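Chain by chain, the residues:
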Protein chains: 2
Amino acid sequence: MKRAGDLELVLGPRPEDVTLQRWLCGELRAAILSGRIPAGQRLPSTRDFARQQGISRGTVVSVYDQLIAEGYLAGATGSGTTVSSSLPIATAAASAARNVPPTLVRLSRQGRLLADSPFLSRDGAVLPRPFSPNQPDLGAFPHTTWHRLSNHHSRSVRPDDMGHGDPAGYLPLRQAIAEHLRYSQRIFCRPEQVMILASAQQALDLCSRLLLDAGDTVLVEDPGYPGAARLFALTGAQVRGMPVDKNGLCTDALPAAPDVRLAYVTAAHQSPLGGTLPLERRLALLAWADACNAMIIEDDYDGEYRFEGAPLPAMKSLDRNGRVIYMGTFSKLLFPSLRIAYVVVPDALADAFASAISLTFRHTPVFQQAVLATFIAEGHFARHLRQMRLLYGERAACFQQECKARLDGLLTVLPITTGLDATALLPEHADDRAMATALVQWGIEARPISFYRMNQPAPAGLVMGFSAFSEESIRRGVAAMVPVLASPRR
Amino acid sequence: MKRAGDLELVLGPRPEDVTLQRWLCGELRAAILSGRIPAGQRLPSTRDFARQQGISRGTVVSVYDQLIAEGYLAGATGSGTTVSSSLPIATAAASAARNVPPTLVRLSRQGRLLADSPFLSRDGAVLPRPFSPNQPDLGAFPHTTWHRLSNHHSRSVRPDDMGHGDPAGYLPLRQAIAEHLRYSQRIFCRPEQVMILASAQQALDLCSRLLLDAGDTVLVEDPGYPGAARLFALTGAQVRGMPVDKNGLCTDALPAAPDVRLAYVTAAHQSPLGGTLPLERRLALLAWADACNAMIIEDDYDGEYRFEGAPLPAMKSLDRNGRVIYMGTFSKLLFPSLRIAYVVVPDALADAFASAISLTFRHTPVFQQAVLATFIAEGHFARHLRQMRLLYGERAACFQQECKARLDGLLTVLPITTGLDATALLPEHADDRAMATALVQWGIEARPISFYRMNQPAPAGLVMGFSAFSEESIRRGVAAMVPVLASPRR
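As the structure is a computational prediction, the values presented were derived from the model and not from experiment.

Thresholds applied
- Residue numbering note: each chain is counted from 1, following its sequence as written.
- Think of it this way: whatever chain is written first is A, whatever ligand is written first is 1, and the rest follow in order.
- Where local features are concerned, this predicted model is filtered to residues with pLDDT of at least 70; where side-chain atom pairs are given and counted, the filter is 80 or more; whole-chain, interface and lining totals use all residues.
- For the side-chain quantities, the full set of heavy atoms in the structure was used; hydrogens and water were omitted.
- Nonpolar cores are built from buried Ala, Val, Leu, Ile, Met, Phe, Trp, Tyr and Cys residues. Side-chain atoms within 4.5 Å join them into one set.
- Each residue is assigned to one of three classes by its accessible area relative to the maximum for its type, calculated with a 1.4 Å probe on protein chains only: buried under 20%, partly exposed between the two thresholds, exposed over 50%.
- Helix and strand definitions follow DSSP, with helices as H or I runs of at least four residues and strands as E runs of at least two, each counted in order from the N terminus.
- Note on contacts: a residue pair qualifies if any of its non-hydrogen atoms lie within 4.5 Å across the two residues.
- Two aromatic rings from Phe, Tyr or Trp, using only the six-membered ring of Trp, form a pair when their centres are within 6.5 Å; if the ring planes differ by under 30 degrees the pair is stacked, by over 60 it is edge-to-face, and anything between is tilted.
- By this definition, two strands are paired if DSSP reports at least two bridges between them.
- Only C-alpha atoms enter the line fits that serve as axes; for helices the fit covers just the stretch in contact. Angles between N-to-C directions range over 0 to 180 degrees.
- Here, expected helix span is obtained from the residue count minus one, scaled by 1.5 Å.
- Cavity and pocket criteria rest on a 1 Å grid covering protein atoms alone: a 1.4 Å probe that fits but cannot get out defines a cavity, protein on both sides within 12 Å along at least 5 of 7 lines defines an open pocket, and an atom within 4 Å of a point defines a lining residue.
- Grid points are joined across faces, edges and corners, and a volume is the space filled by probe spheres set on the points.
- Gly counts as polar in this scheme, as do all residues outside two lists: the nonpolar Ala, Val, Leu, Ile, Met, Phe, Trp, Tyr, Cys and Pro, and the charged Asp, Glu, Lys and Arg.
- Salt bridges, as used here, are contacts in which a Lys or Arg side-chain nitrogen is within 4 Å of a carboxyl oxygen on Asp or Glu.
- Only residues with pLDDT of at least 70 in both copies contribute their C-alpha atoms to the least-squares superposition of the copies.
- The predictor reports its confidence for every residue as pLDDT, a score running from 0 up to 100.
- Each of two parts loses accessible area, computed with a 1.4 Å probe, when they are put together; buried area is these two losses added.
- By the criterion used throughout, a crossover qualifies as right-handed when its path from the first strand across the helix to the second strand runs clockwise, the strands pointing away from the viewer.

(A) Local environment of the nonpolar core. With 130 residues, the main nonpolar core has Phe399(A) and Phe399(B) as its most contacted residues. Looking at this core element by element, the count peaks at 9 residues for helix H13 (residues 380-407) of chain B. Beyond its immediate chain neighbours, meaning those up to four positions away, Phe399(B) contacts Phe131(B), Val413(B), Ile416(B), Ala422(B), Met464(B), Phe466(B), Ile474(B) and Val478(B). Formed by 80 residues, the second largest nonpolar core is a distinct cluster that contains Val218(A), Ala229(A), Met295(A) and Leu197(B).

What follows is the structure in structure tokens.
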């Protein structure tokens, strides 16, 4: 052990924006933690140290006091200050170990699945390009009205609005949604059955965790939405793809296996093939769920936009035995950054959902919920939906006409009855992934149907959004596709 | 099969707020679904039906058209309309089955644990009563400033701000947090290591899912925060309680078992015993994690409020090998309904966290993140923290003095150095749960230490929040406790 006076303190340079005291503390900590000043070593007196470093003694006293409070140093300032002898400081061997590349963190089985899932979206601040799917027209949103309501709510917030909210959601919003669903989907539910969440993903995740054990089987549409299948797989459940035709899920193929616990269905607008599940299949699916004691998730991601024919009410409206969990989201009806979605759950599951939300999440921000509740209650929501249904209907027709006129024989757009996206078929044996990649180079986005495929056969084709783009953009976009689709290479 | 003319249609009364057409559709659907009008049955012509019901023929045509579109009826209007024969309509036996009480939904193992967890909060709109723990003073929050920033952001939102955001969080907020942590916690991290989430619960849930497999062991403080232990248990991991003393987690007791993957620690302010983990234990815990290849979650829920001595930097600041995940929340620093928390993760885990957030949640609302980023960047956050540190420090001193003056020998308040809550010990062998229940009847909230206990011994005592209450409230609250604590029954 060196005498205090001999201690060599090699201090690094002080950055300009760091105070003398902060810098000196940092240097001493580093020297102690690295073992350069050994445990038990006596430090120079504050007077000597100040003289050596050419700084005021007051600063050194403050530094010593702080490091004593933090546990690096021991002893009162007067009677000599030493480096704490109780610190389990790194030895030379341990210091060497630090130069070994850091051990890779061992992820759990679920963690590896989570880490492997592609980012769904990292480029939020970029406006969508034709024909990105799932895009509402954000420019057509009534910003002024929303801002007025938002400003009003922000101004009138009181301290008792700033505490924790109900995990199941803000009651006036749950009431407004229950009321809306009565008219739009013929779902008669109590507000207590409506659970407010941040997103459809979160809703699927919660359903999955509440209902699925490792080894259970869950049925999904194939081709179908991969984001659902990935979440179900996290539980260790077996995800089985069911065939889909132009009318949606083929209910003839439903298995009667006792380990099937859940079926996931996009009844209003099958993703990606675009069909609407007919009444007889809906009833068959419900009867199947009764027979197997299984549950059904009805994901209604854009079914509110129905352009022709009478609106078909939700499957949930036919659910007499509490088999159906209905999911809706405001991301596509209003705007994605709002982050509000909901599930309507059977009475028997309401408390379980509320508990699960409370433990894993707490609740969705009250402010957005309150603004949205007023937006719905004052009629702005219904008006916006009506206007968007007209606007998107016109754009759907334009997209279909343009494709028919310019891409006849190259791309067959299926009838667009519902939603924000069209499904278009390529000639048999075409490679839809290669086509989508080629289109990107011409500024056109399109999602290949094979992106949605698991094991069942699926036609080659593209899912393309029309709703966020003006008719002029649609015309230019379709024109840009002609040389790519007509190219003999594909 | 009856002839169309003989069909008896017993229709229910029409509610006043339902249109004729909507009501008639509903009645026909119900009659078909219940089997009262059998599959294949021919309906009266629109003319006859209109005459029978005394309504316009146009209404009946619309109703028939809608039910044909929905799949309930078949056939063109002119040539006779029949009930769809393809519908798998309930038979009499199946109808009877409906009267059986609905089958209880089978929850998964994880689902049962989720459903059994008590609601953490359902009464958000009620101001806290003395001495509810974990309560910032919401009345002291700079509402005017927040409203101004909120209003400004709301007004200047453009369509490209309304799409999906980055799952890991809004970059300016991540930068502001990284910058704040550099000064307040001596954590030097890149903004890319900061992940924005809705709550500490969500942060713990994500860590748990990414790191824990069934059968792994996770170490928690005992007594400790039950919300963490419950989340860890969802994965099927074994949750082992570690002893705690007045300085926090007893690192001497750390096991070297190879199946230990994670330790959860409240280093800045042990919940519930109130200690601050000394430097030597922090270093011992880090060395243990290196030796076992385990990770550490450092939950800093209220450590920013330090009333005496130098602020002790986060354990994360000592983490050289990427072992520590640091968690912070704005619920206690600003207000709970904001719903913003964060984790600082080692570089090796940043992509896994972003993927996991994207798949299970998507992202936290951008609006709140943007307002908060400005609030921090403009210095309001640091100013608010300084002011609250002073205010809460005065209240801590007041609470301690009042208890000393009025409850000496009945309740011993441990030194309050950090945070929003005091820990107070009851006489040995007292029943702290019974005491808390008795206090509630006198308008006083206090959380018994046994609420936090698993298997390790813990003293009888109460966790009581002082920070949200004026000195006058504190004096009245302490006075109200005197008769309860002095009662010989307990």
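Past the structure itself, the notes keep going.
(B) View of the packing of aromatic side chains. All chains considered together, the criterion is met by 34 aromatic pairs over all chains. Among the aromatic residues, those joined into a cluster by ring pairs are Phe131(A), Phe307(A), Phe399(A), Phe466(A) and Phe469(A).

(C) Region of interest: the sheet that holds strand S5 (residues 238-245) of chain A. All names here are of chain A. Strands sit in the order S3-S10-S9-S8-S7-S4-S5-S6 across an open sheet of 8 strands; the sheet is mixed. At either margin of the open sheet sits one strand with a lone partner, and together these are strand S3 (194-197) and strand S6 (248-249). Strand direction decides the pairing type here: strand S4 (residues 217-222) and strand S7 (residues 260-265), joined by 3 bridges, are parallel. Looking across to S7, one finds that Val218 is bridged to Leu262. Across the sheet, helix H11 (residues 347-360) is in contact with S3, strand S8 (295-299), strand S9 (324-329) and strand S10 (341-344); its angle to S3 comes to roughly 20 degrees.

(D) Broad picture of helix H11 (residues 347-360) of chain B. Residue and element names in this part refer to chain B. The first and last C-alpha atoms of H11 sit 21 Å apart over 14 residues, in line with the 20 Å expected at 1.5 Å per residue. Among all positions in H11, only Leu349, Ala350, Ala352, Phe353, Ala354, Ser355, Ala356, Ile357, Ser358, Leu359 and Thr360 are buried. The positive-phi residue at the C-terminal boundary of H11 is Arg362, with phi of around 80 degrees.

(E) Spatial organisation of empty space enclosed by the protein. Summed over all chains, the structure comprises 9 cavities of 30 Å³ or more. As a volume, the largest cavity reaches approximately 130 Å³. Lining of the largest cavity is provided by Gln202(A), Asp205(A), Leu206(A), Arg209(A), Thr360(A), Gln202(B), Asp205(B), Leu206(B), Arg209(B), Thr360(B) and Phe361(B). Every element with two or more residues in the lining of the largest cavity is listed here: helix H8 (200-211) of chain A together with helix H8 (200-211) of chain B. For the lining of the largest cavity, the per-class residue count stands at 3 nonpolar, 4 polar and 4 charged.

(F) Layout of the pattern of salt bridges. As enumerated under the stated definition, the model contains 36 salt bridges over all chains in all. Residue Glu445(B) pairs with Arg129(B) through a salt bridge whose shortest N-O separation is 3.0 Å. Here Arg129(B) lies in the loop between helix H5 (109-116) and helix H6 (143-155) and Glu445(B) lies in the loop between helix H14 (432-440) and strand S13 (447-448), a separation of 316 residues in the sequence. Exposure remark for Arg129(B): the relative accessible area of 35% places this residue in the partly exposed category. Between Asp319(B) and Lys316(B) there is a salt bridge, and its shortest N-O distance comes to 3.0 Å. With relative accessibility at 9%, the residue Lys316(B) sits in the buried group. Taken together, the shared-partner salt bridges in this structure form one network comprising Arg29(A), Glu70(A) and Arg186(B).

(G) Representation of the relation of the copies chain A and chain B. If you rotate chain A by 180 degrees and push it 0.0 Å along the axis, it lands on chain B with an RMSD of 0.1 Å. Look at the turn and shift together and you get a two-fold axis relating the two. Nearest to the rotation axis, the C-alpha of Asn151(A) is located 2.8 Å from it, this being the minimum over chain A. When you check the interface residues of chain A against chain B, 100% turn up at the interface there too, and the contact is symmetric in its surfaces.

(H) Just the sheet that holds S13(B), in detail. All names here are of chain B. Pairing in this open sheet of 4 strands is antiparallel, and the strands run S11-S12-S14-S13 from one edge to the other. On the outer flanks of this sheet lie strand S11 (412-413) and S13, each paired with one strand and no other. Pairing between S11 and strand S12 (residues 421-425): 2 bridges, direction antiparallel. If you follow Val413 over to S12, its bridge partner there is Ala424. Across the sheet, H14 is in contact with S13 and strand S14 (461-465); its angle to S14 comes to roughly 40 degrees.

(I) Local environment of the confidence of the model for chain A. In the predicted model, chain A carries a mean pLDDT of 89, and 91% of its residues have values of at least 70. A low-confidence stretch, residues 91-101 of chain A (pLDDT under 50), is modelled with 6 contacts involving residues beyond four sequence positions or located in other chains.

(J) Structural context of the interface of chain A and chain B. In this complex, chain A contributes 112 residues to the contact, which on the side of chain B involves 112 residues. For the pair chain A and chain B, the summed buried surface comes to about 10200 Å²; carbon and sulfur atoms form 57% of the total. Per-residue buried area on chain A facing chain B is highest for Met162(A), Arg209(A) and Leu359(A); these three make up 8% of the total on that side. Counting the contacts that link chain A with chain B gives 4 salt bridges.

(K) Region of the structure containing the pairing of strand S5 (residues 238-245) of chain B. All names here are of chain B. Where strand S4 (residues 217-222) and S5 come together, 6 bridges link them in parallel fashion. When the bridges of S5 are listed, Glu221 appears paired with Met242. Handedness of the crossover joining S4 and S5 through helix H9 (residues 226-234) is recorded here as right-handed. Bridge analysis of S5 against strand S6 (residues 248-249) gives 2 bridges, and the strand direction is antiparallel. Residue pairing in the sheet places Asp245 in a bridge with Gly248 of S6.

(L) Geometry of the environment of Glu428(B). The residue Glu428(B) is located in the loop between S12 and H14 in this model. For the pair formed by Glu428(B) and Pro459(B), sequence separation is 31 residues and the distance between their alpha carbons is 7.1 Å.

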